[in-house]
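Next come the chains, spelled out residue by residue.
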Amino acid sequence: MSAKVYEVHLEMFEGPLDLLLFLIKKDDLDIQNIPISRITKEYLSYLDLMKELNLEIAGDFLVMAATLMQIKSHSLLPTQAGVEDDRVDLESELKAKLAELERFQAAGNFLSAAAAAAGDVFYRGMPRFEDRDKALDIRIFDLLTTLRDVLDRGGLSTSILAGEPFPIESRVDKILKMLEARPYVLLKEIFDGETHRQGVITCFLALLELIKLQRVFARQEAAFMDILIYKKEVPAEPLPSVWPGVEPGADEPPAAAAPQAPEAALPRDNPQSDAPTPKEPTE
Amino acid sequence: MSDENGDGAHLKQVVETLLFITDTPLGVAKIAQALGEKDQEKVASLIAELQKDYDQRGAALQVMEIAEGFQLATRADFAPYIRNLYKDRMTMRLSKPALETISIIAYKQPLTRAEVEEIRGVEVIAALETLLEKGLIRVVGRRETVGRPLLYGTTSEFLRHFGLRSIKDLPPIDSFTPPPEVPENMELPLGESPVAVAASQSSEGPEPDAGETDEAKDPV
């Protein structure tokens, strides 16, 4: 997976504690009694996935990984009476933080329900309507979980033929086309027909891009349920040129025909390029 | 009701007018002040009467007690028509991180950004900006420590948005704690049940069971 396909610059509004709590809830675990090996492993696998997607991983995520491993390694070492204070501190501190965050997440859910209940009553000075703000209404970790499930499905070919790029534009088109016929699609469905790991990842990046551009939005009825992707009805604006080097409006070559495109202009096709892709079109 | 009392009927109409025209909830004291009526009890009972009048007559509007005050409001039954009128647009919705952030502020106010971040474990600048912009929180002062950081608290708009009469309407934060299934025991290493601990102690080895020995990958 050396090909740096595309860089997504997503601000992360959710941190390492959110991820840990997410994993604990996903597996229906008890905060006071976390299977540390298992959770560490899962945590690191999410970090790997985020790295593979080139999501910017804040240093905090790495600090948490180190903390988890420290707790784990302590738990493997022989304990001597009186020398285990550190370990207990780290653990209980982490548990306390998770428990506190969990309480506030629950309080947030309560508030959300309260707002929904109060939302049908309007006051003067209220209808404070605003444009559909909708973008990502779900946790990034829910998205990542679906992606991981698809990647883990097996049967995906991991071999990459040189010169067979997976242009994100093609997947953007694919998703938009799926949404032409129907009001929404399941997140899982956007990966249909992908036989390569890179194709799946490209689909996912295309989705993130569409969300960021406010062309689609994602919804989830309740935690751990299927995620639905909706098309956002907006005055048609030309899709801004977000991928470097491609002229807006220029018909992008289909995947198979890509090699004739000048390579310099398409740094994402350059597998060994580890240099960060330019974020802005050259204007 | 107090129809035989001309003065009462007049005052009630004034109260009604004020509750209609205001765009933020009015407290009893404020209404009393506008009425030139010193007796707040009397004002409160006028409001209660008005509330009952509206309900009994099946009026389209209602006198709502909200956000530490009173205000005329529409009824929930008619919400779809209001939405039709405003078509495409939607009432304010908050993302999960924003909701989490505002719940922390609501329960712990006043507090600084750093204190919110300590709990959430992630930067909250963007969430705070959103909440400030929507008028749900405001700066209420500065903490008198190094750097004199800003303190945030919730607003009256916060109460109205979440349908609360006052901040005391929030359930106690401890009510959100799920009942612990296992009694907390600080001596237990994470992830080992009492049984597993007992087993490893009896066999002299602190080595955990097979399930616990998975190699974790290096981070980074």
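Since we're looking at a predicted model, the values are computed, not measured. (Residues numbered from 1 in each chain as written. Chains lettered and ligands numbered in written order. Predicted model: local features only at pLDDT ≥ 70, side-chain atom pairs only at ≥ 80, totals over all residues. Heavy atoms only, no water.)

**Thoughts on helix 2 (residues 28-35) of chain B**
All names here are of chain B. Among the residues making up helix 2, those that are buried are I31, A32 and L35. Here the buried residues of helix 2 occupy an arc of 100° about the axis, which is enough to place them on one side. Exposed residues lying more than 90 degrees from the buried face of helix 2 are K30, Q33 and A34. Following helix 2 by one or two positions, G36 has its phi on the positive side, about 70°. (Buried < 20%, exposed > 50% of the residue type's maximum accessible area, 1.4 Å probe, protein only. Helix = DSSP H or I, 4+ residues; strand = E, 2+ residues; numbered from the N terminus. Arc of directions from axis to C-beta.)

**Brief notes about the sheet that holds strand 1 (residues 184-186) of chain A**
Residues and elements named next belong to chain A. If you walk across this open sheet you meet the three strands as 1-3-2, and the pairing is antiparallel. What marks the edges here is a single partner per strand, and that holds for strand 1 and strand 2 (216-220). Mean inter-strand twist for the sheet, computed between neighbouring axes without regard to direction, equals 30°. Summarising the sheet, strand 2 and strand 3 (residues 227-231) pair through five bridges and their orientation is antiparallel. Looking at strand 3, one finds that F217 is bridged to Y230. Against the sheet, helix 6 (residues 168-181) touches strand 1, strand 2 and strand 3, its axis set at about 85° to strand 3. (Pairing = 2+ DSSP bridges. Axes fitted to C-alpha atoms, helices over the stretch in contact; angles between N-to-C directions. Contact = heavy atoms within 4.5 Å.)

**Details of unusual backbone geometry**
Residues and elements named next belong to chain B. Between Q109 and the following residue, P110, the backbone shows a cis peptide bond with an omega angle of -5°. With respect to the element layout, P110 can be found in the loop between helix 5 (96-108) and helix 6 (113-120). Not every positive phi belongs to a glycine, and A67 is a case in point at roughly 50°. Inspection of the secondary structure puts A67 in the loop between strand 1 (61-66) and strand 2 (69-74). Under the relative-accessibility criterion, A67 is labelled buried at 5%. Positive phi, close to 60°, is recorded for E68, a residue that is not glycine. With respect to the secondary-structure elements, E68 resides in the loop between strand 1 and strand 2. E68 gets classed as exposed once you look at its relative accessible area, which sits at 56%.

**Comments concerning helix 7 (residues 197-212) of chain A**
Between its terminal C-alpha atoms helix 7 of chain A stretches 23 Å, which fits the 22 Å expected from 16 residues at 1.5 Å a residue. A:Q214 sits one or two residues past helix 7 of chain A and shows a positive phi near 65°. (Expected span 1.5 Å × (residues − 1).)

**Describing the nonpolar core**
Counting residues in each nonpolar core, the largest one holds 57 residues, and the members touching the most others are A:Y43 and A:L144. Considering every element that reaches this core, the biggest residue donor is helix 7 of chain A, with ten residues. Of all hydrophobic cores here, the second largest spans 32 residues; its members include B:A73, B:L128, B:Y152 and B:L159. (Core = buried A, V, L, I, M, F, W, Y, C linked by side-chain atoms within 4.5 Å.)

**Focus on the packing of aromatic side chains**
Tallied over the full model, the rule gives eight aromatic pairs over all chains. Both rings, one in B:F158 and one in B:F162, keep their centres 5.0 Å apart while their planes meet at 55°; by these two values the pair is tilted. For the pair formed by B:F158 and B:F162, the shared burial category is buried. Among the aromatic side chains, those forming a connected cluster through ring pairs are A:F104, A:F110, B:Y107 and B:F176. It is A:R124 that lies over the ring of B:F20; its NZ or CZ is 4.9 Å from the centre. (Phe/Tyr/Trp six-rings, centres within 6.5 Å; stacked < 30°, edge-to-face > 60°. Lys NZ or Arg CZ within 6 Å of the ring centre and 35° of its normal.)

**Thoughts on a nonpolar patch on the surface**
All names here are of chain B. A contiguous nonpolar surface patch, about 200 Å² in accessible area, is contributed by L132, V139 and L150. Within the secondary structure, L132 sits in helix 7 (residues 125-133). In this structure L132 comes out as partly exposed when scored by relative accessible area, which is 33%. (Patch = residues over 30% accessible without salt bridge, like charges linked within 9 Å, V, L, I, M, F, W, Y side chains within 5 Å. Areas by Shrake-Rupley, 256 points an atom, 1.4 Å probe, with all protein chains shown as cover. Salt bridge = Lys/Arg side-chain N within 4 Å of Asp/Glu carboxyl O.)

**Remarks on the confidence of the model for chain A**
Interpretation of this model should avoid reading the predicted coordinates in detail wherever pLDDT is low. Residue and element names in this part refer to chain A. Summing up the model confidence of chain A, the mean pLDDT is 74 and the portion of residues at 70 or higher is 65%. Summarising per-element confidence for chain A, the mean pLDDT is lowest in strand 2 (82) and highest in helix 1 (residues 16-26) (91). Within the model, the stretch residues 241-283 combines pLDDT values under 50 with 44 contacts to residues more than four positions away or in other chains. (pLDDT = per-residue confidence, 0-100.)

**Side note on the pattern of salt bridges**
Taken as a whole and judged by the stated rule, the model has 24 salt bridges over all chains. A salt bridge links A:K188 to A:D226; its shortest N-O distance comes to 3.0 Å. You can see A:K188 sitting in the loop between strand 1 and helix 7 and its partner A:D226 sitting in the loop between strand 2 and strand 3, a full 38 residues away along the chain. Judged by relative accessible area, which is 39%, A:K188 ranks as partly exposed. Between B:R148 and B:E144 there is a salt bridge, and its shortest N-O distance comes to 3.1 Å. For B:E144, a relative accessible area of 60% puts it in the exposed group. Through salt bridges with shared partners, a single ionic network connects A:K26, A:D27, A:R38, A:E42 and A:R148.

**Observations concerning the confidence of the model for chain B**
Residues and elements named next belong to chain B. Averaged over every residue, the pLDDT of chain B is 81; the share at 70 or more is 75%. In this model residues 181-220 is a low-confidence stretch, pLDDT under 50, and it forms 56 contacts with partners more than four residues away in sequence or in other chains. Under the prediction, the complex receives an ipTM of 0.74, its pTM being 0.66.

**Regarding the pairing of strand 3 of chain A**
The side chains of a regular strand alternate between the sheet's two faces. All names here are of chain A. Bridge count for strand 1 against strand 3 is three bridges, and the pairing is antiparallel. Paired with Y184 across the strands is Y230, a residue of strand 3. The turn joining strand 2 and strand 3, which pair antiparallel and follow one another in sequence, is formed by six residues; a positive phi near 70° is taken by F224.

**Quick look at the side chain of B:E37**
All names here are of chain B. Counting through the fold element by element, E37 comes out in the loop between helix 2 and helix 3 (40-56). Since its relative accessible area comes to 18%, E37 is described here as buried. Engagement of the side chain of E37 in a polar contact is seen with the backbone nitrogen of D39, the distance being 3.2 Å. Look past the residues within four positions of E37 in its chain and what remains in contact with it is L11, A32, K42 and V43. (Polar contact = N/O pair within 3.5 Å; in protein donor to acceptor, adjacent residues only side chain to side chain.)

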